[in-house]
There are 2 protein chains.
Amino acid sequence: MTRVWLPDPPETLGGLPDGMVADVWKGGEPLPQTRDEVEIIVLPFGVTPETLATISRLPNLKLIQLTSAGAERVIPYVPASVTLCNARGAHDAATAEWTVGVIVAHLRSFPRFIEAQEQGRWDFAPSESVAGKQVLIVGYGSIGGAVERRLAGWEVTIERVARTGRPAEGVRGIEDLHAVLPHADVVVLLVPVTGQTRHLVNAEFLASMKDGALLVNAARGAIVDTDALLKELSTRRIRAALDVTEPEPLPPGHPLWTAPGLLLTPHVGGAITDTRERAYAVVSAQLARYAAGEPLQNVIGPRGY
Amino acid sequence: MTRVWLPDPPETLGGLPDGMVADVWKGGEPLPQTRDEVEIIVLPFGVTPETLATISRLPNLKLIQLTSAGAERVIPYVPASVTLCNARGAHDAATAEWTVGVIVAHLRSFPRFIEAQEQGRWDFAPSESVAGKQVLIVGYGSIGGAVERRLAGWEVTIERVARTGRPAEGVRGIEDLHAVLPHADVVVLLVPVTGQTRHLVNAEFLASMKDGALLVNAARGAIVDTDALLKELSTRRIRAALDVTEPEPLPPGHPLWTAPGLLLTPHVGGAITDTRERAYAVVSAQLARYAAGEPLQNVIGPRGY
């Protein structure tokens, strides 16, 4: 029998493949008593670094399966003998909706109108159209594709950059970023956190963005140098929409709260009412592959990709 | 020579067809001295009813060309000898962006997060996805098509209703409204104001909407019975996003300002920085047709369609 730890009862996943038995583990202490048997852990949210260090040393562990797309918090604790997989695809729709939603909201001045509504003021003002804009997607994976599908009818042009270029799909390599960045009206960040992408958006990156451009971070706070962004926002040279911050949660009184031209949401890009169902559908398919001895999908290496 | 009154110099339209001469008239008094000659008036915004009554009696007037889509303010003043045309198409992109934008903003709780940002609070909460929703477009013309194109990649289903059904395009006639309305998660109003559509959204219409459904008014305030809507909003049974109100502008202290579950913007659906350019492109094409003796487009009859 293959022992699996799940954050919820197996019924929530529509049952387990034959040959698998489960313990429910929600991420706290104590660990289930099947420490010496467990082969697969479907990782709950919010597991502390100390606990991550403990579980990664379990003697029979083969697979840590995430329900998130981001893996950066877990990677440092995964031994070479354990495979780490993310939930690629589970959060595509939600994150892409958030991304296109904040682009429209920002360009069409929704924050201004919402503030005027709160004050009971009829505050007519024209705003910018989305139509005619060039949107650059930095980190073009499954979420990037979901963003592009949602922008298909919006009369925008799309540029795509990924770690490795895929010319057949119109995706440029990261080495071309400097060539396309200055032309983008909207820059969408969807890269994972890796050694290469941490603070990718630094002062130099921001200085390359055109005046008035909109930076959209749907990835992780660590991709952006917060101080450098604050400098550009304070002069109102560029604008931003952030779902993620560094630090996160953003503490009370942090200067980002009052930065001009910023739309800030509390890491809700993937947070829709059926987030769990969507993630568990991806987990179920993975467990079926494991049980059948098929190759696992969405394997994350020690460098984060 | 054909005399035309324009709200801006002819250069703004890229010049006039051969055989046309223009006066600039911005809608105020006095009228240009060419009253007895003018054949075409491209109507400025904000012309008063008194002035509309005057110009519609000009002896040689053949065509009133609007720069808006809505014609309801002008129709009562147009004599049978004068043709009225709207600017169909000019505001499609802007209005469709607003429409899809408020659907995403409302379902994904942007007003809540914007309020939390103003207060410096990290207020994490899951919200509803757009994916999986059924969107009903009531009034399926060129703006409806623009909305549908923008929703193409969003994993939604679309129902379309127009005054006259067009089965080949998947558009139902208004007589089917009662059959589809109870199934819609989002109801988008895009109908012109006519005798048939004034207060189309009354208590009975609202009662037919499903619990939690979102009403989006991108058309005109007169389509909705404001008191009936206020009743449904106050019980939080349905939600709404309005760009237009009755009365409009909404006066200070009006109960809509504080109605729960309402996102209210100040008639900015069509208001983007190049609204004038887009409208004048439609006007130019119409003037070219007139000069060439070709049939005019977007003719509005006395009943508003």
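Note that the structure is predicted; figures quoted are calculated from it, not measured.

K.L.:
When you look at the overall build of chain A in this model, what are you seeing that I'm missing?
P.N.:
Within chain A, the secondary structure is distributed over eight helices and 13 strands. A globule of 305 residues ought to have a C-alpha radius of gyration of about 19 Å, and chain A, at 21 Å, matches this closely. Seen through its C-alpha atoms, chain A measures out along the principal axes to roughly 65 × 50 × 35 Å. Sequence separation of 24 or more characterises 56% of the internal contacts of chain A that already satisfy a separation of 6 or more. Within the structure as shown, chain A displays about 12,600 Å² of accessible surface, and the carbon and sulfur contribution to it stands at 52%. Here chain A contributes 28 positive and 34 negative side-chain charges, whose respective centroids are spaced 2 Å apart.

K.L.:
Help me understand the domain arrangement of chain A in this model?
P.N.:
Accessible area lost upon the coming together of the parts is a frequently used measure of interface size. Residue and element names in this part refer to chain A. What the domain assignment lists for chain A is domain 1 (2-90 + 273-292) and domain 2 (92-264). Counting residues at the interface gives six residues for domain 1, matched by six residues for domain 2. It is Glu72, Arg88 and Gly89 that lose the most area in domain 1 upon contact with domain 2, and together they represent 63% of the buried surface on that side. Run the count over domain 1 and domain 2 and you get one salt bridge.

K.L.:
Sorry if this is basic, but what is going on with the relation of the copies chain A and chain B here?
P.N.:
In this arrangement, two copies of a chain are superimposed by a rotation about an axis accompanied by a shift along the axis. It takes a turn of 180 degrees to lay chain A on chain B, together with a shift of 0.0 Å along the axis; the resulting RMSD is 0.0 Å. The transformation just described matches what one would write down for a two-fold rotation axis. Across chain A, the rotation axis passes nearest the C-alpha of A:Gly101, at a separation of 3.0 Å. A high fraction, 100%, of the interface residues of chain A reappear at the interface in chain B, so the copies pair face to face through one surface.

K.L.:
Whenever I open this one, the interface of chain A and chain B confuses me. Can you help?
P.N.:
On the chain B side, the residues contacting the 56 residues of chain A number 56 residues. Across the interface of chain A and chain B, roughly 4,600 Å² is buried in total on both sides, 63% from carbon and sulfur atoms. When the buried area of chain A at its contact with chain B is split by residue, A:Gln117, A:Trp122 and A:Trp257 rank highest and sum to 18% of it. For the interface between chain A and chain B, the tally reads 24 residue pairs in polar contact (both at pLDDT 80 or more). Going through the elements one at a time, helix H2 (92-107), helix H3 (110-118), helix H4 (142-150) and strand S12 (262-264) of chain A are the ones with two or more residues in the side of chain A that touches chain B. No other element matches H2(A), which puts nine residues into the side of chain A that touches chain B.

K.L.:
It is not clear to me how the sheet that holds strand S8 (residues 171-173) of chain B should be interpreted in this structure. Could you clarify?
P.N.:
Strand pairing in a sheet relies on backbone hydrogen bonds. The paired strands run either parallel or antiparallel. Residues and elements named next belong to chain B. Strand order in this open sheet of seven strands is S8-S7-S6-S9-S10-S11-S12, and the pairing throughout is parallel. Of all strands in the sheet, those with a lone pairing partner are S8 and strand S12 (262-264), marking the two edges. Recorded for the sheet is a direction-independent mean angle of 20 degrees between the axes of neighbouring strands. Of the pairings in the sheet, the one linking strand S6 (residues 134-138) to strand S7 (residues 157-162) comprises five bridges and is parallel in character. Bridge pairing in S7 links isoleucine 137 to arginine 160.

K.L.:
I tried to follow the sheet that holds strand S5 (residues 83-85) of chain B on my own but got confused; where do I start?
P.N.:
All names here are of chain B. Spatially, S2-S1-S3-S4-S5-S13 is the arrangement adopted by the six strands of the open sheet, whose pairing is mixed. The strands lining the two open edges of the sheet, one partner per strand, are strand S2 (20-24) and strand S13 (299-300). Alignment of strand S1 (residues 2-6) against strand S3 (residues 38-42), held across three bridges, turns out to be parallel. Within S3, the residue paired with tryptophan 5 across the bridge is isoleucine 41. Packed onto the sheet, helix H8 (residues 275-292) meets S1, S2, S3, strand S4 (63-65) and S5 and runs at close to 160 degrees relative to S3.

K.L.:
Would you explain the pattern of salt bridges in this entry?
P.N.:
Once their charged atoms are close, side chains differing in charge can pair, the charge on each being opposite to the other. All names here are of chain A. Under the definition given, this model contains 38 salt bridges over all chains. For glutamate 72, the salt bridge goes to arginine 220, with nearest N and O atoms at 2.8 Å. With glutamate 72 in the loop between strand S4 (63-65) and strand S5 (83-85) and arginine 220 in the loop between strand S10 (214-217) and helix H7 (226-234), the pair connects residues that are 148 residues apart, well separated along the chain. Exposure remark for glutamate 72: the relative accessible area of 23% places this residue in the partly exposed category. One salt bridge connects glutamate 159 with arginine 172, and the closest N-O pair in it is separated by 2.9 Å. Placement of the pair is glutamate 159 in strand S7 (residues 157-162) and arginine 172 in strand S8 (residues 171-173), with a sequence separation of 13 residues. Judged by relative accessible area, which is 18%, glutamate 159 ranks as buried. You can call arginine 172 partly exposed: its relative accessible area is 30%. Beyond isolated ion pairs, a larger network of salt bridges with shared partners links Arg3, Asp23 and Glu37.

K.L.:
Before we go on, may I ask you to explain the confidence of the model for chain A in this structure?
P.N.:
As a general rule, the predicted coordinates of low-pLDDT regions are not to be interpreted in detail. Put simply, chain A has an average pLDDT of 96, and 100% of its residues get 70 or more. The ipTM assigned to the predicted complex is 0.94, against a pTM of 0.94.

K.L.:
In this structure, what is going on with the pairing of S7(B)? I would like to understand it.
P.N.:
Successive residues of a regular strand alternate their side chains across the two faces of the sheet. Residues and elements named next belong to chain B. Buried residues dominate S7, accounting for five of its six residues. In this region the chain leaves S6, passes through helix H4 (residues 142-150) and returns to the parallel neighbour S7; the handedness of that crossover is right-handed. Relative to S8, S7 runs parallel, the two being bridged by three bridges. Across the sheet, residue valine 161 finds its bridge partner in S8, namely arginine 172.

K.L.:
Would you mind showing me how to read the pairing of strand S6 (residues 134-138) of chain A here?
P.N.:
All names here are of chain A. Here S6 lies mainly inside the structure; five of its five residues are buried. In S6, alternate side chains face the same way, and those of Gln134, Leu136 and Val138 on one face and Val135 and Ile137 on the other are all buried. Looking at chain direction, S6 and strand S9 (residues 186-189) are connected through four bridges and run parallel. Across the sheet, residue isoleucine 137 finds its bridge partner in S9, namely valine 188.

K.L.:
I'm lost on the packing of H2(A) against H4(A) in this one. Help?
P.N.:
Think of two packed helices as two axes; the pair is described by the angle between the axes and how far apart they sit. Residues and elements named next belong to chain A. In the contact formed by H2 and H4, the axes pass within 8 Å of each other and the chain directions differ by 55 degrees. On the basis of the axis angle, H2 is oblique to H4. With respect to the hand of their crossing, H2 and H4 are arranged in right-handed fashion. Facing Asp92, Ala93, Thr95, Ala96, Glu97, Thr99 and Val100 of H2, the residues of H4 in contact are Ser142, Ile143, Ala146, Val147 and Arg150. Of the residues contributing to the contact of H2 with H4, the split by class is six nonpolar, three polar and three charged.

Reading guide: rules and limits
- Residues numbered from 1 in each chain as written.
- Chains lettered and ligands numbered in written order.
- Predicted model: local features only at pLDDT ≥ 70, side-chain atom pairs only at ≥ 80, totals over all residues.
- Heavy atoms only, no water.
- Helix = DSSP H or I, 4+ residues; strand = E, 2+ residues; numbered from the N terminus.
- Rg over C-alpha atoms; globule rule 2.2 N^0.38 Å.
- Contact = heavy atoms within 4.5 Å.
- Areas by Shrake-Rupley, 256 points an atom, 1.4 Å probe, with all protein chains shown as cover.
- Lys, Arg positive; Asp, Glu negative; His and termini not counted.
- Charge placed at Lys NZ, Arg CZ, Asp CG, Glu CD.
- Domains from an automatic or database assignment.
- Buried area = accessible area lost by both parts, 1.4 Å probe.
- Salt bridge = Lys/Arg side-chain N within 4 Å of Asp/Glu carboxyl O.
- Least-squares fit on C-alpha atoms with pLDDT ≥ 70 in both.
- Polar contact = N/O pair within 3.5 Å; in protein donor to acceptor, adjacent residues only side chain to side chain.
- Pairing = 2+ DSSP bridges.
- Axes fitted to C-alpha atoms, helices over the stretch in contact; angles between N-to-C directions.
- Buried < 20%, exposed > 50% of the residue type's maximum accessible area, 1.4 Å probe, protein only.
- pLDDT = per-residue confidence, 0-100.
- Right-handed = clockwise from strand over helix to strand, strands pointing away.
- Parallel < 35°, antiparallel > 145°, perpendicular 65-115°, else oblique.
- Left-handed = near helix turned anticlockwise from the far one by under 90°.
- Nonpolar A, V, L, I, M, F, W, Y, C, P; charged D, E, K, R; others polar.

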